[in-house]
Amino acid sequence: MTASAAPLPADSPTPRAVLLGCGDVGTRIGHRLLDQGWNVSGWRRSPERLPASFDGTAVDLTEESTVPAPPADTTAVVFSPAAGSRDPQRYEQVYLRGLETVLDRITQANLAETVQVLLVSSTSVLGDASGRLDESAPLTPAGPTGEILARTEQLLQKWRDAGAESSARSRSGILRLSGIYGPGRDRLIKQLRSGSVGEAADQDAHEAWRISNRIHSDDAARAAVELLTSAAPPELVLGVDKLPVPLGAVHNWMADQLELPRPWSDPRLDPQVLDSMPLNSPVRHHADSPSGSVLTDSSPSGEDLFDSALLGAGHGKALDGSLLHRLLGELLHPDFRSGYTAALRE
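Procedures and definitions
Residues numbered from 1 in each chain as written. Predicted model: local features only at pLDDT ≥ 70, side-chain atom pairs only at ≥ 80, totals over all residues. Heavy atoms only, no water. pLDDT = per-residue confidence, 0-100. Contact = heavy atoms within 4.5 Å. Pairing = 2+ DSSP bridges. Helix = DSSP H or I, 4+ residues; strand = E, 2+ residues; numbered from the N terminus. Axes fitted to C-alpha atoms, helices over the stretch in contact; angles between N-to-C directions. Buried < 20%, exposed > 50% of the residue type's maximum accessible area, 1.4 Å probe, protein only. Polar contact = N/O pair within 3.5 Å; in protein donor to acceptor, adjacent residues only side chain to side chain. Salt bridge = Lys/Arg side-chain N within 4 Å of Asp/Glu carboxyl O. Arc of directions from axis to C-beta. Core = buried A, V, L, I, M, F, W, Y, C linked by side-chain atoms within 4.5 Å. Lys, Arg positive; Asp, Glu negative; His and termini not counted. Parallel < 35°, antiparallel > 145°, perpendicular 65-115°, else oblique. Left-handed = near helix turned anticlockwise from the far one by under 90°. Nonpolar A, V, L, I, M, F, W, Y, C, P; charged D, E, K, R; others polar. Right-handed = clockwise from strand over helix to strand, strands pointing away.

**Q** Talk me through the confidence of the model for the protein chain; I want residue IDs and the actual numbers.
**A** It should be kept in mind that the predicted coordinates are not to be read in detail where pLDDT is low. This prediction gives the protein chain a mean pLDDT of 89; 90% of its residues lie at or above 70. Low pLDDT, under 50, characterises residues 1-10; the stretch is placed with 16 contacts to residues that sit more than four places away or in other chains. The model gives residues 283-302 a pLDDT under 50, and that stretch makes 31 contacts with residues more than four places away or in other chains.

**Q** Account for the sheet that holds strand β1 (residues 16-20), with residues named and values stated.
**A** Strand order in the open sheet made by the 7 strands is β3-β2-β1-β4-β5-β7-β11, with parallel pairing throughout. The open sheet terminates on both sides in strands that have one partner only, identified here as β3 (55-58) and β11 (236-239). On average, each strand axis in the sheet is inclined to that of its neighbour by 20 degrees, with strand direction left out of account. When strand β5 (residues 116-122) meets strand β7 (residues 173-177), the two strands line up parallel, connected through 5 bridges. Considered in β7, the bridge of Ser121 is made with Arg176. The strands touched by helix α1 (residues 24-35) are β1, β2 (39-44) and β4 (74-79); relative to β1, the strand with the most contacts, the crossing angle is about 170 degrees.

**Q** So what about helix α10 (residues 336-345)? Which residues, and what values?
**A** When we look at burial in α10, the residues that qualify are Phe336, Arg337, Gly339, Tyr340 and Ala342. Against β8 (180-181), α4 (187-194), β10 (215-216), β12 (245-246) and α7 (247-257) lie the buried residues of α10. Among the residues of α10, the N-terminal cap falls to Asp335, whose side-chain oxygen and the backbone nitrogen of Arg337 are separated by 2.8 Å.

**Q** Just give me the short version of the pattern of salt bridges, but keep the residues and values in it.
**A** Any two side chains of opposite charge can pair, so long as their charged atoms come close to each other. The tally for this structure, following the rule as stated, stands at 21 salt bridges. Across the pair Asp161 and Arg160 runs a salt bridge whose closest N-O atoms are separated by 3.2 Å. Given a relative accessible area of 5%, Arg160 falls into the buried group. One connected set of salt bridges, linked through shared partners, spans Asp24, Arg28, Arg185 and Asp218.

**Q** Which residues make up the side chain of Gln191, and what values go with them?
**A** Residue placement: Gln191 occurs in helix α4. Residue classification places Gln191 among the buried positions, given a relative accessible area of 19%. Leaving out residues up to four positions away in the same chain, Gln191 has contacts with Ser196 and Val197.

**Q** Describe α4, and please don't skip the residues or the numbers.
**A** Within α4, the full set of buried residues consists of Leu188, Ile189, Gln191 and Leu192. One side of α4 holds all its buried residues, which, seen down the axis, span an arc of 160 degrees. Counted as exposed and oriented over 90 degrees from the buried face of α4: Arg187, Lys190, Arg193 and Ser194. Where α4 is buried, its residues contact α7 and α10.

**Q** Requested: an account of the nonpolar core, with residues and values cited.
**A** Judged by nonpolar contacts, the single largest core of 36 residues is most densely connected at Phe79, Tyr95, Val102, Ile106 and Val117. Looking at this core, the elements with two or more residues in it are β1, β4, α2 (88-108), β5, α3 (144-161) and β11. Here this core gets 8 residues from one element, more than from any other, and that element is α2. Setting aside residues up to four positions removed in sequence, Val102 forms contacts with Leu20, Leu61, Val67, Val77 and Phe79. One finds Trp38, Ala76, Val237 and Leu323 within the second-largest nonpolar core, a separate group that totals 30 residues.

**Q** I'd like to hear about the side chain of Asp134, residue by residue, with values.
**A** With respect to the helices and strands, Asp134 occurs in the loop between β6 (131-133) and α3. Within the buried core, Asp134 has no salt-bridge partner, and the shortest N-O distance to an opposite charge, that of Arg132, equals 6.2 Å. Here Ser136 takes part through its side chain, which lies 2.5 Å from a polar atom of the side chain of Asp134.

**Q** Lay out the packing of α1 against helix α6 (residues 217-229) with the relevant residues and their values.
**A** Running from N to C, α1 and α6 point in directions that differ by 55 degrees, and their axes come no closer than 8 Å. The angle between α1 and α6 falls in the class oblique. Between α1 and α6 lies a crossing of right-handed hand. Of the residues in α6, those in contact with Asp24, Val25, Arg28, Ile29, Arg32 and Leu33 of α1 are Ser217, Asp218, Ala220, Ala221, Arg222, Ala224, Val225 and Leu228. Looking at the contact of α1 with α6, its residues break down into 8 nonpolar, 1 polar and 5 charged.

**Q** So what's going on with the packing of α2 against α3? Which residues, and what values?
**A** Running from N to C, α2 and α3 point in directions that differ by 10 degrees, and their axes come no closer than 8 Å. Overall, the two elements α2 and α3 adopt an arrangement that is roughly parallel. Each of Pro88, Tyr91, Glu92, Tyr95, Leu96, Arg97, Leu99, Glu100, Leu103, Ile106 and Thr107 in α2 lies in contact with α3, whose residues at this interface are Pro144, Thr145, Ile148, Leu149, Arg151, Thr152, Leu155, Leu156 and Trp159. The class makeup of the residues in the contact of α2 with α3 is 13 nonpolar, 3 polar and 4 charged.

**Q** Run through the pairing of β5, naming residues and quoting values.
**A** Consecutive side chains of a regular strand alternate in pointing toward one face of the sheet and then the other. By the criterion of burial, β5 is predominantly enclosed, with 6 of the 7 residues buried. Sheet topology note: the β4/β5 ladder contains 4 bridges and is parallel. Bridge assignment links Phe79 to a residue of β5, and that residue is Leu119. Since β4 and β5 lie parallel, the crossover through α2 that links them has a hand, and here it is right-handed.

Written as C-alpha cells, this is what we have:
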C-alpha cells in the first residue's frame, strides 16, 4: 500500500507544476499540489476562472503564438486540455498539435531534461476492444478522436524515450481516464429524471449491458499527483475504480436513490446483485499467468470480479485498474455507489 506523498521538507526548492487546460480535474490536481508545497501555474483560455492561489496565464492551444515557455522553475507539466467539441480537426489542434507546441516550448527553454510531462488521456484509445483490459492492451481506437488521442500518446512516449535515463523527462507518462464523474457532473441524474434512458425511452437493451468504467474526479486528481510525486512512476496507468459494471445496473441503482422507476426490468440488473460482487483488488505478480499477475481473493469465496456472471453477460471493455489501486493504496470512492451517494447527499 502506497502512502500519500508527504509535504516537501522546508529546505527543498519549491517545485512548480504548469497545468495546461486546468479544468475541473486539473484544478483538483493543482489544489492537492499546493497542499504539498508546490507552486501552481494554470494555463487556459479563461484564466480569470482559476483559483486565486494559481498563477494564471491565458493560453489557447489552437493559437500557437499564445503558448509561452514554461517558467524556469517548472518541474512538471500536466497536459489535460478540453477540445470543447468532438470535431476531429479541433481535437488534432488541441491535443496533438497542442502537445507538440508545448514540448517544443519546453525544449526551447532548455528544460527538456528537468521537466516531467504527464498526459491526461482517455480510454477511447482502446476503441471497441472487449473483455478484461489492463495497461498492456494495444491501442485500437475506433474513431477519429480516439485515433488523435492515440497519436498524442505516441508523441509523448517518443519524446520521453529520447531523454536521459535518469532525467525528469524519463518520468513522463500517461494517465488514461475513463468515465470521470463527481461534483458538477450530473448528466446521468438529468437523464434519469427526464426519462431519456431505459425501456420506456425505447432504448435498446443492448445499451443496458454495455460495461461502464468510471473514476471519481477526486481519485483522478489523486492519481495524477501520485504520478508527479513518485520517484519512479509507471509510464502508463489506467484511471478506473474497482467496479466495472453494465450500465443498466448503474441506471437502476441511481433510479432507486432518486425514487424513480427503474429504467431496466431485467432481474439480472437488479442493483442488489452488486452487493454480492467482489471489488477488483490489487494484483500480486505471478510469473506463470499470461498477464503476469493474478487477482487476490477479494470476496469470501475468492471470486474474481472479471469472471462474475454480471460482467460475463455484458459487452465491451472491463478495465482493470489494479495498478492504480496499488499506487494509491485505497480509493476515496471504490465504486460508483460511493461517489454518487456523496453527490446526492450534497
